[in-house]
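Spelled out from the first residue to the last, the chains are:
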Amino acid sequence: QKEVEQDPGPLSVPEGAIVSLNCTYSNSAFQYFMWYRQYSRKGPELLMYTYSSGNKEDGRFTAQVDKSSKYISLFIRDSQPSDSATYLCAMSASSSASKIIFGSGTRLSIRP
Amino acid sequence: DSGVTQTPKHLITATGQRVTLRCSPRSGDLSVYWYQQSLDQGLQFLIQYYNGEERAKGNILERFSAQQFPDLHSELNLSSLELGDSALYFCASAESGDNEKLFFGSGTQLSVL
């Protein structure tokens, strides 16, 4: 069993919809949680970075962490075609980036 | 644009050969990380350098090596290449060694034929 599980998709939704992306994990020591967005033929780009539990909002993006359920989510409101990309969750028990474990990514497509 | 520069963008070579991938970090970043991304393994951490010194090792094969130079650019050397080494190789940089937010380059697509 992988430490971080992420549904690979693809997930296709109409423009303007609310998108929910999720990851589960098994290591209860994880404290740092991230979401990266990766466009085709590009490197991952950090979208959200949270420590411990709770919510964090940045524009149309909201990250939620539920440590009791070992479950994290990324919500995208008013989705746009430009949001079409692969979304990678990532997490770590340490503040050092060398310890980050990445999910396999969910491919998201927003239909105009 | 993340500010991290990787060259070349594409590399096609044959089994048994050796290649060198180059990375220039963002201005001011001291840490450089190398990752391998493949369809079956996802994004895998290979090795980290901080201000010229190796700081952490991940799933890096003995055929692979890296270094960081005084100007902070880094090179990843892959030798005795096998078909299974075909993948996207990313470099990422961060300001310091801890509490880091990574900035990724656009990657080098390596194809071993």
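Quick summary incoming for the structure in this document. (Residues numbered from 1 in each chain as written. Chains lettered and ligands numbered in written order. Predicted model: local features only at pLDDT ≥ 70, side-chain atom pairs only at ≥ 80, totals over all residues. Heavy atoms only, no water.)

Okay, the packing of aromatic side chains next. Scanning the entire structure with this criterion turns up 13 aromatic pairs over all chains. Aromatic side chains A:Y25 and A:F30 sit 5.7 Å apart centroid to centroid with 55 degrees between the ring planes, which places their arrangement in the tilted category. Comparing A:Y25 with A:F30, the two get one shared label, buried. When the centroid spacing of 5.4 Å and the interplanar angle of 45 degrees are considered together, the rings of B:Y35 and B:F104 count as tilted. Note that B:Y35 is positioned in strand β4 (residues 31–38) and B:F104 in strand β10 (residues 103–104), a separation of 69 residues in sequence. Judged by relative accessible area, B:F104 falls into the buried class, the value being 4%. The rings of A:Y36, A:F102, B:Y33, B:Y35, B:F45, B:F90 and B:F104 are connected pair by pair, giving a single aromatic cluster. Over the ring of B:F103 we find B:R26; its NZ or CZ atom is 3.6 Å from the centre of that ring. For B:K101, the ring lying beneath its charged end belongs to A:Y49, and the centroid distance is 5.0 Å. (Phe/Tyr/Trp six-rings, centres within 6.5 Å; stacked < 30°, edge-to-face > 60°. Buried < 20%, exposed > 50% of the residue type's maximum accessible area, 1.4 Å probe, protein only. Helix = DSSP H or I, 4+ residues; strand = E, 2+ residues; numbered from the N terminus. Lys NZ or Arg CZ within 6 Å of the ring centre and 35° of its normal.)

Moving on, we get to empty space enclosed by the protein. Any empty space left between atoms is shown by rolling a water-sized probe over those atoms. This structure, assessed with the given rule, holds 1 cavity of 30 Å³ or more. Reported here for the largest cavity is a volume of approximately 40 Å³. What lines the largest cavity is simply A:Y32, A:M34, A:Y49, A:S92, A:S94, A:S95, A:S96, A:A97, A:I100 and B:E100. A class-by-class count of the residues in the lining of the largest cavity yields 5 nonpolar, 4 polar and 1 charged. (1 Å grid on protein atoms, 1.4 Å probe; cavity = no way out; pocket = protein on both sides within 12 Å on 5 of 7 lines; lining within 4 Å. Points joined across faces, edges and corners; volume = space filled by probe spheres on them. Nonpolar A, V, L, I, M, F, W, Y, C, P; charged D, E, K, R; others polar.)

Formed by 23 residues in total, the largest nonpolar core has its most connected members in A:W35, A:I72, A:L74, A:Y87 and A:M91. Listing elements by their share of this core, those giving two or more residues are β3 (19–25), β4 (32–38), β5 (45–51), β7 (61–66), β8 (71–76), β9 (85–92) and β11 (106–111) of chain A. When near neighbours in sequence (up to four residues on either side) are disregarded, A:M91 contacts A:V4, A:C23, A:Y25, A:F30, A:Y32, A:F33, A:M34, A:I72, A:K99, A:I100 and A:I101. Of all hydrophobic cores here, the second largest spans 21 residues; its members include B:V19, B:A66, B:L76 and B:A87. (Core = buried A, V, L, I, M, F, W, Y, C linked by side-chain atoms within 4.5 Å. Contact = heavy atoms within 4.5 Å.)

Time to look at the interface of chain B and chain A. Contact residues are listed per partner, giving 17 residues for chain B and 16 residues for chain A. A buried area of about 1400 Å², summed over both sides, lies between chain B and chain A, and 56% of it is on carbon and sulfur atoms. Where chain B meets chain A, there are 0 salt bridges. At the level of elements, β4 and β5 (42–50) of chain B are the ones that each hand at least two residues to the side of chain B that touches chain A. Its residues assigned to classes, the side of chain B that touches chain A comprises 8 nonpolar, 6 polar and 3 charged. (Buried area = accessible area lost by both parts, 1.4 Å probe. Salt bridge = Lys/Arg side-chain N within 4 Å of Asp/Glu carboxyl O.)

Disulfides are covalent bonds that connect the sulfur atoms of two cysteines. Residues and elements named next belong to chain A. According to the stated counting rule, one finds 2 disulfides over all chains in the structure shown. In this model C23 forms its disulfide with C89; the gap between the sulfur atoms is 2.0 Å. The S-S bond linking C23 to C89 shows a torsion near -100 degrees; that makes this disulfide left-handed. Of the two residues, C23 is situated in strand β3 and C89 in strand β9; the sequence distance between them amounts to 66 residues. On the accessibility criterion, C23 (1% relative accessible area) is buried. (Disulfide = S-S within 2.5 Å.)

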